[in-house]
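Reading the structure
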Number of protein chains: 10
Amino acid sequence: MPRPDLLETFANPYPGRPYEIEMECPEFTSLCPMGGIESDAEELKALEGGAPDFATMYINYVPGDVCVELKSLKLYLWSFRNDGIFYERAVNRILDDLSAAVKPVWMEVVGDFNIRGGIKSVIRARVGARTPAEK
Amino acid sequence: MPRPDLLETFANPYPGRPYEIEMECPEFTSLCPMGGIESDAEELKALEGGAPDFATMYINYVPGDVCVELKSLKLYLWSFRNDGIFYERAVNRILDDLSAAVKPVWMEVVGDFNIRGGIKSVIRARVGARTPAEK
Amino acid sequence: MPRPDLLETFANPYPGRPYEIEMECPEFTSLCPMGGIESDAEELKALEGGAPDFATMYINYVPGDVCVELKSLKLYLWSFRNDGIFYERAVNRILDDLSAAVKPVWMEVVGDFNIRGGIKSVIRARVGARTPAEK
Amino acid sequence: MPRPDLLETFANPYPGRPYEIEMECPEFTSLCPMGGIESDAEELKALEGGAPDFATMYINYVPGDVCVELKSLKLYLWSFRNDGIFYERAVNRILDDLSAAVKPVWMEVVGDFNIRGGIKSVIRARVGARTPAEK
Amino acid sequence: MPRPDLLETFANPYPGRPYEIEMECPEFTSLCPMGGIESDAEELKALEGGAPDFATMYINYVPGDVCVELKSLKLYLWSFRNDGIFYERAVNRILDDLSAAVKPVWMEVVGDFNIRGGIKSVIRARVGARTPAEK
Amino acid sequence: MPRPDLLETFANPYPGRPYEIEMECPEFTSLCPMGGIESDAEELKALEGGAPDFATMYINYVPGDVCVELKSLKLYLWSFRNDGIFYERAVNRILDDLSAAVKPVWMEVVGDFNIRGGIKSVIRARVGARTPAEK
Amino acid sequence: MPRPDLLETFANPYPGRPYEIEMECPEFTSLCPMGGIESDAEELKALEGGAPDFATMYINYVPGDVCVELKSLKLYLWSFRNDGIFYERAVNRILDDLSAAVKPVWMEVVGDFNIRGGIKSVIRARVGARTPAEK
Amino acid sequence: MPRPDLLETFANPYPGRPYEIEMECPEFTSLCPMGGIESDAEELKALEGGAPDFATMYINYVPGDVCVELKSLKLYLWSFRNDGIFYERAVNRILDDLSAAVKPVWMEVVGDFNIRGGIKSVIRARVGARTPAEK
Amino acid sequence: MPRPDLLETFANPYPGRPYEIEMECPEFTSLCPMGGIESDAEELKALEGGAPDFATMYINYVPGDVCVELKSLKLYLWSFRNDGIFYERAVNRILDDLSAAVKPVWMEVVGDFNIRGGIKSVIRARVGARTPAEK
Amino acid sequence: MPRPDLLETFANPYPGRPYEIEMECPEFTSLCPMGGIESDAEELKALEGGAPDFATMYINYVPGDVCVELKSLKLYLWSFRNDGIFYERAVNRILDDLSAAVKPVWMEVVGDFNIRGGIKSVIRARVGARTPAEK
């Protein structure tokens, strides 16, 4: 089950400057809530839980007063491991949990999911607005 | 024959946020309606139907009230397998069928077709407008 | 249904020299005989036939008295399009049909199949022996 | 000699939607009108004609009432094979011939020429304007 | 817990020919039995179980009388998901389980594990001998 | 300890033209102030100092009256080798030191740090504004 | 028409040492003798000659008493430009002409031809034997 | 010594259309005026001249009334071979010489220099403004 | 100073099977004992110690009775950080220390060092012999 | 003029072990003795000397009693800069000079020259024999 309570933050060391932090997390895995596009009911009875999903999560933000602590982010992402969740919900949930924790000027979460049923999916969501001076 | 009736949708879990969904479908195949640039009449008599075309279809959209269900999209794309259809028509047809089913804020379909006659073709079509806040 | 009767040959223009011919055919497609690892019974009822498989076929040989004619090879490979066949059988069948048609000194068929169930499969089969002078 | 008379068109199946067609033609070859940067007079006397040039031609457009027919485009590009023509003229000539034939909303021709004298050249020319809603 | 009982086989369709089957499984994940090189005791208390490991498993073999059924292999590999196991043991265990199930002429299992502590590890193990006629 | 006193400059040879200088420095290394995401207290006692971090630093700027001298920049970056410093602070510190030394029209520092805890981080900071005529 | 009379040689500067010379010629073009797999009779009437083929020719050899002069090789390869010739014949013909001209210890010619009919072909031929000391 | 007098031009064949010419010149070499970041005084005494620098020069422009002749450009770039010159000066000097010769609507010169002291440098300079209709 | 005393081992879980372990360590850094090819005496006085070297170390072995423990290997490699050592000595020293600790059937150490003076160096050393059954 | 007198050596630190040293030198440049395949007499009169050649030199060896000192190798390779020399002679000359200086167990020199006349050339020469235990 997602554990946003694990997220920790530290004070932004350069709060007056709108710089960007980008994190690439290639080891995200969760379970599909209904077995998934590639699984049928029979095969799931053989195992405890649903079919696994795999994704690379890209988390980009302009920090406000605090930054997310890296080790706590790792633990938070691990907490999806045995959770059944849809792609669209996972990406938006991470965005909600992280933006609640760090209150960024701007934040984007991109989930790049592995091929399922011969189709590769990417979900992109964001909150806030990039400041005018940004490229 | 294209089967838009196979397309199913589910309620968008984050309807108030203009996030993006991108799907890459590398296993699209259909038949050329007239045998194709690389085939002549003789060789087609030897087989039932026209010369095959192959493409990767990229389907990108900002969902409105609903999202397309992934397994139903896979079945819909399979339904072109033995259909004779021109490149331009296939891409625009998929855009019409999908945008009718999900009524997106914005949708783009890109068909990247394999080399024929030493020429590689890409067709890009879209409906709706990206919202101002998007990158 | 595979159509080995479509295969045509022409006389090897340099029969005394053990040279090699390598062909890469990235547009092989067939159907899975039982719906396939990623499909269940319900979704197949929606369409006529099984779930499609996709592969690149590599066909390499040292010709004997004849070479395979390229256009006839293309038509032969197209004839698997609506045939339900397992990976292992498809590769060995192509090797059988082609080696019967061209009686090569040596021939290898490699089928490199697209990801199914998160697993990518390659099947390699061959007949005859490379001559001692080969690299 | 360039043969614009070979170009054929067909009615645009979706005339009301400003979609894009991109074609990549990696097998363009012509002759250099003066022997070229890498050739001297002596060596050209040994052969009939000038030194060959090679390029990939990229042809991108938003169709108006008609689209260019792919097989006729292939034949038109072949017609430069034994023609002596400068890079700048070849790219602009193709743009002139094609835009006269299809009267596009917007068209771009890019010639990406092979290394000559240790220098690689790319020429980009276009007519018309992209519509405001385009990316 | 690894579930070799999930593995199923089917009769080799070409038993007399020593052909090869290669499978690439990029979605293998298990847990580290002691928290792993990158984790300390505190952070693991926050979650149920150890730190996750990720690998691509390559399984290559020359079949004897039977082949492994692909869907059952997928389920078998999923069964390591919440199992605490060392790299060296995981690779050798998979080799033991699979070679017991299919009794191959030759089999190789290669585990290509993600970076831990700035170090990437690959483990290769095999049983049986390639036949003399093989490449 | 960072040594901004090592930075030297030379007069910009084309001060009236707003051109850009981009430098890629793939050999940046420092120490983590608290042992880092992948290290625990025990292992650090075995060595003098913290766990090492590695990054590629990208330094891009539009020079004003002076340019940074390349050899002095190399020595300045070496001076972080045995310094314990957080990612966010390192990138912003380099930006502060360099912009103080060369007073650029515009400057950007990007730190692309190696994977730690399965997560790759990039930090981007900048001062000044690109002039209107820039791309 | 192929012009082996254009080939010139120069004395091998290190005749006692069995070293290797490898040449990659990406600009080989000829015509297909019968219009080719992708052309029909109609379209060829529109132009003077057959459908063009394109290949990269790799020419590798251990020189004996002489080496081939590079500019003369370029002219020789140009002489195939308007010649109708099959793939297998072109590669073996070049091997015959070049080995007659330079009498190498060992020579290999590899023709890597562009995709035709969705199939890519490579032809490899050689004369002589590599000396025992070679890798 | 740079030889701008070697530059020759020819009349732009399409003067009314603002098309672009891009040239990539990977074989630029000059000498460092002071021995360079990687050399000391001793080692330079052993040779006549300074330490060599290597770069790829990218020259892009929208021609006005004339275009630069390719062979003369090659000779002009060769003339830097034994000249001692700083990176910033070389790029701006080439921009000055070329823009004086061809009076372009817009011109950009980019020098991408090889690694020195573990640092890779790129210098970008330009004159004129891209016309509004450009991409 | 290299600290072989930090190396720890654990019992090989499959001692009867000659399997291989390959480790890629891209974060090796040490100091050059004499300032290095790219540094002169002046610049080194400005810092404490010599010029840094960077390498990726590849460590491959067939274990005997024990395997090297991964975290202890990481610490051992860190211990070269402030040690002045030549390339050839570093690679052979690591091979000596590791083979003394794990007494492998076969072991290879490859040091792939970053460009210095425009030259990239790789050093490969090994002890023991691969067993006959290995590839 | 090549300056083998600049080559210096140092005692092999591990003389009893047949390890390998590989060096990649991408900045080799010399002049063509006769202007080269791409130049004619006129253009060379405009400059002092012949047309430049560029290559990457790969130098691999198993050291005997001594190793080549890296900085002296760099100076030796620089000494070809203004020397007119054929490809085949340059590679064999470097092999002669280096093997005379270091008396290796085995040495290989590979010259990978830039495209000239649309043709890329690689020359490989070696002396000595790899020891039986080598891969």
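Predicted, not measured: the structure shown is a model, and the values here were computed from it. (Residues numbered from 1 in each chain as written. Chains lettered and ligands numbered in written order. Predicted model: local features only at pLDDT ≥ 70, side-chain atom pairs only at ≥ 80, totals over all residues. Heavy atoms only, no water.)

What follows is about the overall build of chain A. Of the regular secondary structure elements, chain A holds three helices and six strands. Ordered by position in the sequence, the α and β elements of chain A form the string β-β-α-β-β-α-α-β-β. Intrachain contacts of chain A at a sequence separation of at least 6 include 75% that bridge at least 24 residues. Summed over all atoms, the accessible surface of chain A reaches about 5,100 Å², with 54% contributed by carbon and sulfur. (Helix = DSSP H or I, 4+ residues; strand = E, 2+ residues; numbered from the N terminus. Contact = heavy atoms within 4.5 Å. Areas by Shrake-Rupley, 256 points an atom, 1.4 Å probe, with all protein chains shown as cover.)

With that settled, the discussion passes to the interface of chain G and chain C. With 21 residues of chain G at the contact, the number on the chain C side is 19 residues. Taken over both partners, the interface formed by chain G and chain C buries close to 1,900 Å², and the fraction arising from carbon and sulfur atoms is 53%. One can count three salt bridges joining chain G with chain C. In this assembly, chain G and chain C are joined by eight residue pairs in polar contact (both at pLDDT 80 or more). Elements with a contribution of two residues or more to the side of chain G that touches chain C: α3 (87–102) and β6 (119–128) of chain G. Ranked by residues supplied to the side of chain G that touches chain C, first place goes to β6 of chain G with nine residues. Among the residues making up the side of chain G that touches chain C, the classes are represented as eight nonpolar, six polar and seven charged. The pairing of strand β2 (residues 20–31) of chain C with β6 of chain G spans five bridges and is antiparallel. Within the sheet, the bridge partner assigned to Glu 20 of chain C lies in β6 of chain G and is Arg 124 of chain G. (Buried area = accessible area lost by both parts, 1.4 Å probe. Salt bridge = Lys/Arg side-chain N within 4 Å of Asp/Glu carboxyl O. Polar contact = N/O pair within 3.5 Å; in protein donor to acceptor, adjacent residues only side chain to side chain. Nonpolar A, V, L, I, M, F, W, Y, C, P; charged D, E, K, R; others polar. Pairing = 2+ DSSP bridges.)

What follows is about the confidence of the model for chain A. Summing up the model confidence of chain A, the mean pLDDT is 89 and the portion of residues at 70 or higher is 84%. Predicted as a complex, the structure gets a pTM of 0.90 and an ipTM equal to 0.87. (pLDDT = per-residue confidence, 0-100.)

What follows deals with the relation of the copies chain G and chain C. Overlaying chain G on chain C yields an RMSD of 0.0 Å, the required transformation being a rotation through 72° with an accompanying axial translation of 0.0 Å. Seen this way, the second copy is the image of the first under a five-fold rotation axis. (Least-squares fit on C-alpha atoms with pLDDT ≥ 70 in both.)

Turning our attention to the pairing of strand β3 (residues 52–62) of chain B. All names here are of chain B. Burial analysis of β3 places ten of its eleven residues in the buried class, the great majority of the element. Relative to β3, strand β2 (residues 20–31) runs antiparallel, the two sharing nine bridges. Looking at β3, one finds that Leu 31 is bridged to Pro 52. Pairing of β3 with strand β5 (residues 106–116) involves eight bridges; the strand directions are antiparallel. Bridged to Thr 56 within β5 is Asp 112. (Buried < 20%, exposed > 50% of the residue type's maximum accessible area, 1.4 Å probe, protein only.)

Moving on, we come to the state of the cysteines. In a disulfide, the sulfur atoms of two cysteines are covalently bonded to one another. Summed over the entire model, instances satisfying the criterion amount to zero disulfides over all chains. Looking at Cys 25 of chain A, it has no disulfide partner, and the nearest cysteine sulfur is the one in Cys 67 of chain A, 15 Å off. For the unlinked cysteine Cys 32 of chain A, the closest cysteine sulfur is that of Cys 67 of chain B, found at 14 Å. (Disulfide = S-S within 2.5 Å.)

A few words on the packing of helix α2 (residues 70–78) of chain J against helix α3 (residues 87–102) of chain J. Residue and element names in this part refer to chain J. With their axes 12 Å apart at the nearest point, α2 and α3 run at an angle of 145° to one another. Seen from above, α2 lies across α3 with right-handed handedness. Contacts from Leu 73, Tyr 76 and Leu 77 in α2 reach Arg 93, Ile 94, Asp 97 and Leu 98 in α3. By residue class, the composition of the contact of α2 with α3 is five nonpolar, no polar and two charged. (Axes fitted to C-alpha atoms, helices over the stretch in contact; angles between N-to-C directions. Left-handed = near helix turned anticlockwise from the far one by under 90°.)

We now examine the pattern of salt bridges. For the coordinates displayed, the defined rule picks out 90 salt bridges over all chains. Residue Arg 126 of chain G pairs with Glu 20 of chain C through a salt bridge whose shortest N-O separation is 3.2 Å. Residue Arg 126 of chain G is found in strand β6, and its partner Glu 20 of chain C is found in strand β2; the two belong to separate chains. In this structure Arg 126 of chain G comes out as buried when scored by relative accessible area, which is 15%. Classification of Glu 20 of chain C as buried rests on a relative accessible area of 8%.

Enumeration over the complete set of coordinates arrives at 43 aromatic pairs over all chains. The interplanar angle of 85° and the centroid separation of 5.4 Å between the aromatic rings of Tyr 76 of chain D and Phe 80 of chain D together place this pair among those described as edge-to-face. In this structure Tyr 76 of chain D comes out as buried when scored by relative accessible area, which is 0%. With relative accessibility at 0%, the residue Phe 80 of chain D sits in the buried group. Linked through ring pairs, Phe 28, Tyr 76 and Phe 80 of chain A together constitute an aromatic cluster. (Phe/Tyr/Trp six-rings, centres within 6.5 Å; stacked < 30°, edge-to-face > 60°.)

This paragraph deals with the side chain of Asp 97 of chain J. Residue and element names in this part refer to chain J. By the element assignment, Asp 97 lies in helix α3. A relative accessible area of 12% places Asp 97 in the buried class. When sequence neighbours within four positions are dropped, the list of residues in contact with Asp 97 reads Pro 4, Leu 7 and Tyr 76.

Residues and elements named next belong to chain A. Summarising the sheet, strand β5 (residues 106–116) and strand β6 (residues 119–128) pair through nine bridges and their orientation is antiparallel. Each bridged residue has a counterpart across the sheet, and for Val 110 the counterpart in β6 is Arg 124. Hairpin remark: β5 followed by β6, antiparallel, with two residues in the connecting loop; positive phi at Gly 117, about 60°.

Bringing helix α2 (residues 70–78) of chain G into the picture now. Counting buried residues in α2 of chain G gives nine out of nine residues, a clear majority hidden from the surface. The opening residue of α2 of chain G is Glu 69 of chain G, an N-cap whose side-chain oxygen sits 3.3 Å from the backbone nitrogen of Lys 71 of chain G.

Residues and elements named next belong to chain B. Counting through the fold element by element, Gly 64 comes out in the loop between β3 and β4 (66–68). Here the alpha-carbon distance between Gly 64 and Arg 89, two residues 25 residues apart in the chain, equals 25 Å. Excluding residues that lie within four positions of it along the chain, Gly 64 makes contacts with Asn 12, Pro 15, Lys 103, Pro 104 and Val 105.

Along the polypeptide, Ser 30 of chain I turns up in strand β2 (residues 20–31). The contacts of Ser 30 of chain I, once residues within four sequence positions are left out, are Arg 81 of chain F together with Ala 51, Pro 52, Asp 53, Phe 80, Arg 81, Asp 83 and Ile 85 of chain I.

Right, let's talk about unusual backbone geometry for a bit. All names here are of chain D. Even without being glycine, Lys 103 reaches a positive phi, approximately 40°. Examined against the element boundaries, Lys 103 turns out to sit in the loop between α3 (87–102) and β5 (106–116). Since its relative accessible area comes to 60%, Lys 103 is described here as exposed.

Taking the C-alpha atoms as reference, Glu 20 of chain I lies 7.1 Å from Pro 63 of chain I; in sequence the two are 43 residues apart. A distance of 3.2 Å separates the side chain of Glu 20 of chain I from the side chain of Arg 126 of chain E, its partner in a polar contact.

This part is about the environment of Ala 101 of chain A. Residue and element names in this part refer to chain A. As for its placement among the helices and strands, Ala 101 is situated in helix α3 (residues 87–102). For Ala 101, a relative accessible area of 28% corresponds to the partly exposed category. C-alpha separation for the pair Ala 101 and Val 68, spaced 33 residues apart in sequence, amounts to 7.7 Å.

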